[in-house]
Amino acid sequence: MNHPKVAVKLLDPRLGDSLPLPTYATEGSAGMDLRALLDEALVIQPGETHLVRTGLAIHLADPGLAGVILPRSGLGHKHGIILGNTVGLIDSDYQGELMISVWNRSQKPFTMEPGERLAQYVVVPVVQVQLEVVTDFAASERGAGGFGSSGRH
Ligand SMILES: O=c1ccn([C@H]2C[C@H](O)[C@@H](COP(=O)(O)OP(=O)(O)OP(=O)(O)O)O2)c(=O)[nH]1
Ligand SMILES: [Mg+2]
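Each value, and the rule that gives it
Residues numbered from 1 in each chain as written. Chains lettered and ligands numbered in written order. Predicted model: local features only at pLDDT ≥ 70, side-chain atom pairs only at ≥ 80, totals over all residues. Heavy atoms only, no water. UniProt positions renumbered as here; feature names shortened; annotations may be inferred. Core = buried A, V, L, I, M, F, W, Y, C linked by side-chain atoms within 4.5 Å. Buried < 20%, exposed > 50% of the residue type's maximum accessible area, 1.4 Å probe, protein only. Helix = DSSP H or I, 4+ residues; strand = E, 2+ residues; numbered from the N terminus. Contact = heavy atoms within 4.5 Å. pLDDT = per-residue confidence, 0-100. Salt bridge = Lys/Arg side-chain N within 4 Å of Asp/Glu carboxyl O.

An unreviewed UniProt entry lists the chain under the name Deoxyuridine 5'-triphosphate nucleotidohydrolase, from Marinospirillum alkaliphilum DSM 21637. According to UniProt, the comment filed for the chain under the heading Catalytic activity (unreviewed entry) is "dUTP + H2O = dUMP + diphosphate + H(+)". The Sequence similarities (unreviewed entry) field of the UniProt record for the chain holds the comment "Belongs to the dUTPase family."

> What exactly am I supposed to notice about the nonpolar core here?
Soluble, globular proteins show a tendency: their nonpolar side chains are buried together. By size, the foremost hydrophobic cluster in this structure holds 25 residues, and its most contacted members are Ile69, Ile100, Val102, Met112, Leu118 and Tyr121. Of all the secondary-structure elements, those providing two or more residues to this core are β3 (42–44), β4 (49–59), β6 (81–83), β8 (97–104), β9 (110–112) and β10 (117–125). The contacts of Leu118, once residues within four sequence positions are left out, are Leu34, Arg35, Ala36, Val52, Arg72, Leu75, Ile100, Val102 and Met112.

> Just checking my understanding: could you explain the confidence of the model for the chain for this structure?
Note that predicted coordinates carrying low pLDDT should not be read in detail. Per-residue confidence for the chain averages 97 on the pLDDT scale, and 100% of its residues sit at or above 70. For this predicted complex, the interface confidence score (ipTM) comes to 0.98, while the overall pTM stands at 0.96.

> Even after reading the chapter, I still don't get the pattern of salt bridges, so can you show me in this structure?
Note that side chains of opposite charge can pair when their charged atoms are close. Overall, the coordinates contain 5 salt bridges when judged by the stated rule. Across the pair Asp39 and Arg14 runs a salt bridge whose closest N-O atoms are separated by 2.9 Å. Here Asp39 is found in the loop between β2 (32–35) and β3, whereas its partner Arg14 is found in the loop between β1 (7–10) and β2, with 25 residues between them in sequence. For Asp39, a relative accessible area of 70% gives the class exposed. A relative accessible area of 26% means that Arg14 is categorised as partly exposed. Members of the salt-bridge network, linked through shared partners, are Asp12, Arg14 and Asp39.

Here it is, written out as structure tokens:
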């Protein structure tokens, strides 16, 4: 494995002990699953949102990278457990604890167990740009068409 190294702080003694550190489940996995750092099971009522700790602080440091927190497809599709912010975007200079906003968008209470894998963390490349004010763009095929301008089928 020759992946770039990224600094992680373990903010709770359970990390790396009863709570495994995030890893790529397979060689081709895009994300690492994040686990809920909870003292006891958490019941999330329909429509409720909870901020759940991970016990991890990851400092990417490189402005050419960002972290993205995404839902897990099984939890989202089968149980309606997705993210209160839809997607979490983690800045490369963020050094605080990774927090997960967990939203139960279903009609049923959901019980989250300590250590449960509740979301996934993906590192993506980022390009920072400089905005340059102009009055006209070079013409493009699309122009200003959007929001279904090309039809449905
Ligand atoms: O799901 C998330 C989303 C964000 N963050 C942390 C890392 C991120 O770098 C920071 C700020 O996130 P964002 O810019 O999306 O939130 P904001 O509401 O704009 O806060 P801020 O004013 O601190 O930028 O919060 C998380 O831990 N989990
Ligand atoms: Mg912000």
